[in-house]
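Chains, contacts and geometry: an overview
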Amino acid sequence: LDQPIGKLTMKLEGKVIAETDLFPHKIIEEDSLWGWLYDSALLLFELFKDLNKQKKIIFRDLGLRKYEEIAIGMKSFTDERHPETNDEVWILEHESVYTYGVSTDPKKIPTHLSHPALRSDRGGKITYHGPGQLVVYILMDFNRASMKPKEFIVKFQSAIHQTVKSYCKDAV
């Protein structure tokens, strides 16, 4: 891993609500992806500030990573979580890979794929992940938040939609 050179910190009413490590190879400009993510995160935090008992969400820009590395990292994070662990948002791109979920029949996976096909612990069909696709993983303690994952997904999609609409009035 590259060593961070600092942190990007978001504050609301004088309190730190989100942080991300700054890396030397990442340039952050107001109209960049981080500007959009900052706005999304602020809106997301507003939606969940009563649910997130820590009042802090840590954002990590992890760059381009292997799917397996991130899957192991998320499992490790979850297994080692304790009541005081802050929720985190991991933002990254994956190296080229196909993933398929537990309900996918392995016989239905094409045999001549251009990249590896890996089984994941999620549901769903075969999915391509690769450079240029932004992936956002939310590692949230839903029990602490007293929220069901599906409820969170609906609210998260709404937060992203509101943010996109603020940048593009024609967003659907």
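You'll find the structure just up there.
Residues numbered from 1 in each chain as written. Predicted model: local features only at pLDDT ≥ 70, side-chain atom pairs only at ≥ 80, totals over all residues. Heavy atoms only, no water.

1. Notes on the overall build of the protein chain
Counted only if it meets this: Working definition: helices are DSSP H or I runs of at least four residues, strands are E runs of at least two. Numbering for both runs from the N terminus. Note on exposure labels: buried denotes an accessible area under 20% of the residue type's maximum, exposed denotes more than 50%, and partly exposed covers the range between, all computed with a 1.4 Å probe on protein chains only. Contact between two residues is taken to exist if any of their heavy atoms lie within 4.5 Å; hydrogens are not considered. Only the protein chains shown count as covering a residue, and every accessible area follows the Shrake-Rupley method with a 1.4 Å probe.
Helix and strand counts for the protein chain come out as four helices and eight strands. Helices (α) and strands (β) of the protein chain occur, in sequence order from the N terminus, as β-β-α-β-α-β-β-β-β-β-α-α. The burial tally for the protein chain puts 37% of its 172 residues in the buried class. Taking contacts inside the protein chain between residues at least 6 apart in sequence as the whole, the part at least 24 apart equals 63%. Counting every atom, the protein chain has about 10,900 Å² of accessible surface; 56% of that belongs to carbon and sulfur.

2. Digging into the packing of aromatic side chains
Worth spelling out the cut-off: Centres within 6.5 Å are what make two rings of Phe, Tyr or Trp a pair, Trp counting through its six-membered ring; a difference in plane orientation under 30 degrees is then read as stacked, over 60 as edge-to-face, and the rest as tilted.
According to the stated counting rule, one finds three aromatic pairs in the structure shown. Judged by centre distance (6.1 Å) and plane angle (75 degrees), the ring pair of phenylalanine 77 and tryptophan 90 falls under edge-to-face. Residue phenylalanine 77 is located in helix H2 (residues 67-80), and its partner tryptophan 90 is located in strand E4 (residues 87-94); the two are separated by 13 residues in the primary sequence. Judged by centre distance (5.4 Å) and plane angle (70 degrees), the rings of phenylalanine 142 and phenylalanine 152 are edge-to-face.

3. Some details on H2
Rules: To estimate how far a helix should extend, the number of its residues minus one is multiplied by 1.5 Å. Here, the arc refers to the directions that run from the helix axis to the C-beta atoms.
With 14 residues, H2 extends 20 Å from end C-alpha to end C-alpha; this agrees with the ideal 20 Å at 1.5 Å per step. Among the residues of H2, those classed as buried are Tyr67, Ile70 and Phe77. Projected down its long axis, H2 carries its buried residues within an arc of 95 degrees, all on one side. Every exposed residue of H2 that faces more than 90 degrees away from the buried side is listed here: Ile72, Lys75, Asp79 and Glu80.

4. Some details on the layout of surface pockets
Just so we agree on the cut-off: Note on definitions: the grid is 1 Å and covers protein atoms alone; a cavity is a set of points where a 1.4 Å probe fits but cannot get out; a pocket is an open set with protein on both sides within 12 Å along at least five of seven lines; lining residues have an atom within 4 Å of a point. Grid points are joined across faces, edges and corners, and a volume is the space filled by probe spheres set on the points. Put simply, Ala, Val, Leu, Ile, Met, Phe, Trp, Tyr, Cys and Pro go in the nonpolar bin, Asp, Glu, Lys and Arg in the charged bin, and everything else, Gly too, in the polar bin.
Approximately 950 Å³ is the volume attributed to the largest pocket. In terms of lining, the largest pocket is formed by 32 residues, of which the most central are Met74, Arg122, Val136, Tyr137 and Ile138. Looking at side-chain class alone, the lining of the largest pocket contains 20 nonpolar, six polar and six charged residues.

5. Quick word on the pairing of strand E8 (residues 135-139)
Heads up, the condition is: In this description, strands pair whenever DSSP reports at least two bridges between them.
Covered by surrounding structure in E8 are Val135, Tyr137 and Leu139 only, the residues Val136 and Ile138 on the alternate face being uncovered. As paired strands, E4 and E8 are joined by five bridges and run antiparallel to one another. Residue pairing for E8: isoleucine 91 is matched across the bridge by valine 136.

6. Some points on the nonpolar core
Test applied: Here the nonpolar core consists of buried residues drawn from Ala, Val, Leu, Ile, Met, Phe, Trp, Tyr and Cys, with membership extended through side-chain atoms lying within 4.5 Å.
Grouped together as the largest cluster of nonpolar side chains are ten residues: Leu62, Tyr67, Ile70, Phe77, Trp90, Leu92, Val97, Val135, Tyr137 and Leu139. Looking at this core, the elements that each hand over two or more residues are H2, E4 and E8. Contact partners of tyrosine 137, with chain neighbours within four places excluded, come to Tyr67, Ile70, Met74, Glu88, Val89, Trp90, Leu92 and His94. Ranked by size, the runner-up nonpolar core spans five residues in total, among them Met140, Ala145, Met147 and Phe152.

Any link to function would need more than the numbers given here.
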